[in-house]
Protein chains: 2
Amino acid sequence: MSLLDYFRSSKVSSASLAKERLQILVAHERTSINQPSYLPKLQKELLEVIRKYVNVSEDAISVSFEQDDKQETLELNIVLPDMQAKNS
Amino acid sequence: MSLLDYFRSSKVSSASLAKERLQILVAHERTSINQPSYLPKLQKELLEVIRKYVNVSEDAISVSFEQDDKQETLELNIVLPDMQAKNS
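Residues numbered from 1 in each chain as written. Chains lettered and ligands numbered in written order. Predicted model: local features only at pLDDT ≥ 70, side-chain atom pairs only at ≥ 80, totals over all residues. Heavy atoms only, no water.

Description of the overall build of chain A
When helices and strands are tallied, chain A shows two helices and three strands. Starting at the N terminus, the α and β elements of chain A follow one another as α-β-α-β-β. Out of the 88 residues in chain A, the part that is buried amounts to 47%. Counting only contacts in chain A whose residues sit at least 6 apart along the sequence, the fraction spanning at least 24 positions is 67%. With the model as given, the accessible surface of chain A reaches about 4700 Å², and the carbon-plus-sulfur share is 52%. (Helix = DSSP H or I, 4+ residues; strand = E, 2+ residues; numbered from the N terminus. Buried < 20%, exposed > 50% of the residue type's maximum accessible area, 1.4 Å probe, protein only. Contact = heavy atoms within 4.5 Å. Areas by Shrake-Rupley, 256 points an atom, 1.4 Å probe, with all protein chains shown as cover.)

Given below as structure tokens:
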């Protein structure tokens, strides 16, 4: 349940803000750690995709990455601007 | 906590399998529902990104999308092949 605990803690800390937000959680359950993680690279590409749909600055994005022997977790927290639709 | 409950239920049901897996959870907390959701479109693009890193067939991917007045949740569950690195 470590993943859930992790996600919960981030939810609680942001719950008081009445902004729209987008959270992306990527969890990779691994049976071995012989191969390097691709989550950091994946993160960059995910953000590029997100930016097609919402106007977000770097400041509005917080990223955390955690890793243990069983699982890697990438979490992106994005505070959306009040007008979320991308006009450009 | 509905999002956590949702995620937990999917975790439990898959816990007995000793496969590597990748879970992606996208949660969009909305302050209004005046605008159409972009998560279904986002889903397609996320899968395209994932496929750059892992060889996965359509069969290995399960997708669920839930929506209420406060939040939309997109969940992708991907069972990874034993040899997860993409060789092509």
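A few points about the pairing of strand S2 (residues 61-67) of chain B
All names here are of chain B. In terms of strand pairing, S2 meets strand S3 (residues 71-79) through seven bridges, oriented antiparallel. By the bridge assignment for S3, Val-63 is matched with Leu-76. In this structure, the hairpin formed by S2 and S3 is closed by a connection of three residues. (Pairing = 2+ DSSP bridges.)

Examining the packing of aromatic side chains
Each aromatic ring pair is described using two quantities: the centre-to-centre distance and the angle formed by the ring planes. Tallied over the entire structure, the rule returns two aromatic pairs over all chains. Taking the centre distance of 5.6 Å and the plane angle of 20 degrees together, the rings of Tyr38(A) and Tyr53(B) count as stacked. With Tyr38(A) in the loop between strand S1 (21-29) and helix H2 (39-53) and Tyr53(B) in helix H2 (residues 39-53), this pair bridges two chains. A single burial state applies to Tyr38(A) and to Tyr53(B), both of which are buried. (Phe/Tyr/Trp six-rings, centres within 6.5 Å; stacked < 30°, edge-to-face > 60°.)

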